[in-house]
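For reference, the chains in residue letters:
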Amino acid sequence: MRLEVMNGGKAGNSVTTASASNSSNISKLNGFNNKQFDGIKLDKDFIANLPVRLVEDEVLKVIKENEVCIIIGETGSGKSTQIPQICLDAGLHKCPTTGVEKKIIVTQPRRIAASALAKRVASERNVKTGTEVGFKFRFENVTSNETKLIYATDGILLADAMKDPFLTDYSMVIIDEAHERGLSSDTLLMILKILNRKKEKIGNELSLRIVIMSATVEAEKFSKFFNNAKIFAIEGRTYETKLFYLSRPNLQEGNMVSMCVDCVLQLDKEEPVEHDFLVFLPGFEEINSAVKLTAQRSKEKGLTLIAFPLYASLSLARQAQIYQKQSKLRKVIYATNIAETSITIPGIRVVIDSGKVRQKEFVHDLKYDKLVTVNVSQAQAMQRAGRAGRENAGKCYRLYSLEEYNKMLKMPVPEVLRSNLTSVILTFLKIGMKQTKSMSWLDSPSKDKIMAAMRQLKEYDLITKLPDKGYACSERGNIVSEFPIDPVLCLLLFKAEKNRCLVEAITILAFLSSDPVFTNDSGDLEDKKADEARRKFSCNEGDLARMLSIYSFYKSFKKNKNTSLKGDLHRYGLNEVRLGTVFKVRKQINTLCLNLQLKMESCGQDLLPLRKSVAEAWPYNLCLFDPEINGYRLASDKKTICKVHPTSCLAGVRAHAIVFSSMMETTERYAKDVTLVDPSWFKHIS
DNA sequence: GAGCACTGC
């Protein structure tokens, strides 16, 4: 056991301490929420003394004189709240050439940041949110005709760009948190670069200012991408976090949970009881066993520890527990990377970092996602460390050595290198690009990956070859790209309309493009309850049919206002928030279908037309049962084998032929959201 | 027999 070396530096040079502060090479990847602002006084002095306000004139000069610029601002510099205001006050919401009033848009990777920043800025300016300053994301639009400054998610601006690639509504676009390298912010930057190039050609100079706000490490890359754009750095105000490392590399890979718990128990002896702990683990399974183990050990030793799990699929009630005040108990929260940026927990003074994260990787040749556990990047490790107290000095215990830290990637692998590219490429063809060759990427995926995506788009008739050179969206591709859905999944709409079951297909697509609706609360009891719930809605025709029955259940409860919807959903193991989202997504897809004047027909209780539509829409997802392996083989590629996911209605059924909506590799390769089909519907696939 | 986190036209 190596944990004794972490005893606050007493073990001499076996302990390495470093400071995670100031102008270190990595800044914190900040995500705001309302709670974080609670402790910050909203007075004029505070704002006037923000680092960015001290260099206000210089910032403005750089922005005014450069069509594109990159601003590096560490946490606490006030860049996200102040720079947009500085621009607004300088009249940069007006078109520089014509003087026409336009808008400034600031994009954020997360909704919670977009709304919190808008509210904060509105209150600094003494205006109501939604008037001069507003925010916008899917299902929420708090802006009006008078709004000049919009905080939006990057997905919103991307959607705008697809309708109007010249972004004529805006005089200025600020891409915040660009270093996070999300799929939509990368895509946006690529579009902005094309736009910038096109503008030069037509001589419409300076019609759109572009500001990229990023952490230091990625600034050079953005600068080069935009033709050596000017970089402007603003100092931040950061607090000290003491870092502790293991003295030797950790070689016991399977021991992550017990190491974390041991660390908690040891630090419990050293830290004042009011200092809460936050432990980062890669996923659900590790978190549940850590919570159990902590409770068990705490009971054995008579300690005053109380452990909570925190991950996204936890019910709202369980998530809320972490905020309960514990006067005489120490809170220990075991969390996924949801606690890195999305959720801020007050009172945390000690962070324990396993150094691992679970993430999706796309397998391009077989076109499915794989869930893998990997080392965090140095930037993520710093972000995790920074969660130990915002105003007080915190401590972070890293369950890896400094050598291991130094070997970690500086930044996480950009999402574009880990994702299915069909959607991104379709976006580019939609805005009028003709060749993938001429796309310039911040980090280019390999040619193979691009070709694989192009092949799939051709396979499903979403793109067509142009007579001269290159490709364009097909008629279908044009329609599909207007839906907020994976292009291949979206094809179900066309088949369903033909087979007169569009109403059902819309519901199914709403489920398929939302998070799973079954709650995932930890504990044996809850696990049994979730299984029971899944059985209750189980359908012989498969999981898509189950979605329809869950949907009608939800609708009937929603109608009947006398019953307590929340309690009932919980009783049936359903997550009310996620089901609510499905409802909203359904409505959105429905509206789009109505606009396209598709025939809105229902097949009622007979699901045969729907199953046929599924078979016609995704013929490449046909799997046939092979008794020899007690599993399935992909009909279009017989060497690819998979199992039906255990949460499926058809798990263990040994159905002869199924079609999946998605495939995912975790411990094994699983077909998910499967539908029972008849192989005779697929004569063309042997 | 099993579930990283975000985001959208």
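- Under an unreviewed UniProt entry, the name given to chain A is RNA helicase, and the source organism is Panagrolaimus superbus.
- Database annotation for chain A, UniProt heading Catalytic activity (unreviewed entry): "ATP + H2O = ADP + phosphate + H(+)".

### Side note on the overall build of chain A
Logical step 1: When helices and strands are tallied, chain A shows 26 helices and 24 strands.
Logical step 2: Buried positions account for 54% of the 686 residues belonging to chain A.
Logical step 3: Considering only contacts within chain A whose residues lie at least 6 apart along the sequence, 73% involve residues at least 24 apart.
Logical step 4: On chain A, roughly 30,500 Å² of surface is accessible, and the fraction owed to carbon and sulfur atoms is 50%.

### Brief notes about the pairing of strand β2 (residues 68-73)
The side chains of a regular strand alternate, residue by residue, between the two faces of the sheet.
Logical step 1: Where burial is concerned, most of β2 is hidden: six out of the six residues are buried.
Logical step 2: Side chains Val68, Ile70 and Ile72 project from β2 onto one buried face, and the interleaved Cys69, Ile71 and Gly73 project onto a second face that is buried too.
Logical step 3: Here β2 pairs with strand β8 (residues 209-214) via five bridges, running parallel. When the sheet's bridge partners are listed, Val68 is paired in β8 with Ile210.
Logical step 4: Relative to strand β9 (residues 230-234), β2 is paired through five bridges, and the arrangement is parallel.

### Thoughts on the protein's contact with DNA strand B
Logical step 1: Near DNA strand B there are 41 residues, and of these Arg111, Ser481, Glu482, Asn520 and Thr666 occur at the shortest range.
Logical step 2: Atoms of DNA strand B within 4 Å of the protein: sugar and phosphate make up 54%, bases the balance.
Logical step 3: Residue Arg111 places a side-chain N or O atom 2.5 Å away from a phosphate oxygen belonging to DNA strand B.
Logical step 4: Contact distances for DNA strand B include 3.2 Å between a phosphate oxygen and a side-chain N or O atom of Gln588.
Logical step 5: When contributions to the surface near DNA strand B are tallied by element, the ones reaching two or more residues are α7 (154-163), β15 (356-363), α22 (524-536) and α25 (576-595).
Logical step 6: Here the surface near DNA strand B takes four residues from α7, the largest share from any one element.
Logical step 7: For the surface near DNA strand B, the per-class residue count stands at 17 nonpolar, 14 polar and 10 charged.

### Here we look at the pattern of salt bridges
Logical step 1: Going through the model one piece at a time under the given rule, you end up with 26 salt bridges.
Logical step 2: Residues Glu218 and Arg181 are paired through a salt bridge, measuring 3.1 Å at the closest nitrogen-oxygen approach. Placement of the pair is Glu218 in helix α9 (residues 216-225) and Arg181 in the loop between β7 (170-175) and α8 (183-202), with a sequence separation of 37 residues.
Logical step 3: Note that Asp443 is salt-bridged to Arg181, the shortest N-O span being 2.8 Å. Placement of the pair is Asp443 in the loop between α16 (422-430) and α17 (447-459) and Arg181 in the loop between β7 and α8, with a sequence separation of 262 residues.
Logical step 4: The class for Arg181 is buried, based on a relative accessible area of 2%.
Logical step 5: Bridged by salt links that share partners, the residues Arg181, Asp186, Glu218, Lys221 and Asp443 form one connected network.

### Some thoughts on the nonpolar core
Logical step 1: The biggest cluster of nonpolar side chains holds 136 residues, and the ones touching the most others in it are Ile63, Tyr151, Leu189, Leu192 and Trp618.
Logical step 2: A total of nine residues in this core trace back to one element, the largest contributor, which is helix α23 (residues 543-559).
Logical step 3: Excluding anything up to four places from it in sequence, Tyr151 contacts Ser80, Thr81, Pro84, Val106, Ala114, Leu117, Ala118, Val121, Val133, Gly134, Phe135 and Lys136.
Logical step 4: Judged by nonpolar contacts, the second largest core, of 27 residues, contains Val264, Leu265, Ala307 and Leu314.

### Some remarks on the pairing of β7
Logical step 1: Within β7, six of the six residues are buried, which leaves it mostly tucked inside the rest of the structure.
Logical step 2: With five bridges connecting them, strand β3 (residues 103-108) and β7 associate as parallel partners. The partner of Ile105 across the bridge, within β7, is Val173.
Logical step 3: Note: β7 against β8, four bridges, orientation parallel. Residue pairing across strands places Met172 opposite Arg209, the latter belonging to β8.

### Some thoughts on empty space enclosed by the protein
Space left empty within the atom packing is revealed by a probe, the size of a water molecule, rolled over the atoms.
Logical step 1: This structure, assessed with the given rule, holds one cavity of 30 Å³ or more.
Logical step 2: The volume enclosed by the largest cavity comes to roughly 40 Å³.
Logical step 3: As for the largest cavity, its lining consists of Glu541, Leu544, Ala545, Leu607, Leu610, Arg611, Val614 and Thr675.
Logical step 4: Elements that contribute at least two residues to the lining of the largest cavity include exactly α23 and α26 (608-617).
Logical step 5: At three residues, α26 tops the list of elements feeding residues into the lining of the largest cavity.
Logical step 6: In terms of residue class, the lining of the largest cavity is made up of five nonpolar, one polar and two charged.

### Re the packing of aromatic side chains
Logical step 1: Going through the model one piece at a time under the given rule, you end up with 11 aromatic pairs.
Logical step 2: Taken together through their ring pairs, the aromatic side chains of Tyr245, Tyr400 and Tyr405 make up a single cluster.
Logical step 3: We note Lys193 situated over the ring of Phe225; from NZ or CZ to the ring centre the distance is 4.4 Å.
Logical step 4: If you follow Lys536 out to its NZ or CZ, it ends over the ring of Phe537, 5.3 Å from the centre.

### Quick word on a positive patch on the surface
Logical step 1: Among the surface-exposed residues, Arg111, Lys558, Lys584 and Lys587 lie close enough to one another that they form a single positively charged patch.
Logical step 2: Here Arg111 lies in helix α6 (residues 111-124).

### What about the side chain of Gln82?
Logical step 1: Checked against the element boundaries, Gln82 lands in helix α5 (residues 79-89).
Logical step 2: Setting aside residues no more than four positions away along its own chain, Gln82 makes contact with Ile47, Leu50, Val52, Arg53 and Glu124.

### Observations regarding the packing of α5 against α6
Logical step 1: Their axes nearest at 10 Å, the elements α5 and α6 cross at an angle of 55 degrees. With respect to each other, α5 and α6 are oriented oblique. Crossing of α5 against α6: the hand is right-handed. For the pair formed by α5 and α6, the contact residues are Ser80, Thr81, Gln82 and Gln85 on the first element and Leu117, Arg120, Val121 and Glu124 on the second.
Logical step 2: In the contact of α5 with α6, the residues fall into two nonpolar, four polar and two charged.

### Concerning the side chain of Lys356
Logical step 1: Note on placement: Lys356 falls in strand β15.
Logical step 2: Residue class for Lys356 comes out buried when judged on its relative accessible area of 16%.
Logical step 3: At 2.8 Å, the side chain of Lys356 forms a polar contact with the side chain of Asn375.

What counts, and at which threshold
- Residues numbered from 1 in each chain as written.
- Chains lettered and ligands numbered in written order.
- Predicted model: local features only at pLDDT ≥ 70, side-chain atom pairs only at ≥ 80, totals over all residues.
- Heavy atoms only, no water.
- UniProt positions renumbered as here; feature names shortened; annotations may be inferred.
- Helix = DSSP H or I, 4+ residues; strand = E, 2+ residues; numbered from the N terminus.
- Buried < 20%, exposed > 50% of the residue type's maximum accessible area, 1.4 Å probe, protein only.
- Contact = heavy atoms within 4.5 Å.
- Areas by Shrake-Rupley, 256 points an atom, 1.4 Å probe, with all protein chains shown as cover.
- Pairing = 2+ DSSP bridges.
- Near = heavy atom within 4 Å.
- Polar contact = N/O pair within 3.5 Å; in protein donor to acceptor, adjacent residues only side chain to side chain.
- Nonpolar A, V, L, I, M, F, W, Y, C, P; charged D, E, K, R; others polar.
- Salt bridge = Lys/Arg side-chain N within 4 Å of Asp/Glu carboxyl O.
- Core = buried A, V, L, I, M, F, W, Y, C linked by side-chain atoms within 4.5 Å.
- 1 Å grid on protein atoms, 1.4 Å probe; cavity = no way out; pocket = protein on both sides within 12 Å on 5 of 7 lines; lining within 4 Å.
- Points joined across faces, edges and corners; volume = space filled by probe spheres on them.
- Phe/Tyr/Trp six-rings, centres within 6.5 Å; stacked < 30°, edge-to-face > 60°.
- Lys NZ or Arg CZ within 6 Å of the ring centre and 35° of its normal.
- Patch = residues over 30% accessible without salt bridge, like charges linked within 9 Å, V, L, I, M, F, W, Y side chains within 5 Å.
- Lys, Arg positive; Asp, Glu negative; His and termini not counted.
- Charge placed at Lys NZ, Arg CZ, Asp CG, Glu CD.
- Axes fitted to C-alpha atoms, helices over the stretch in contact; angles between N-to-C directions.
- Parallel < 35°, antiparallel > 145°, perpendicular 65-115°, else oblique.
- Left-handed = near helix turned anticlockwise from the far one by under 90°.

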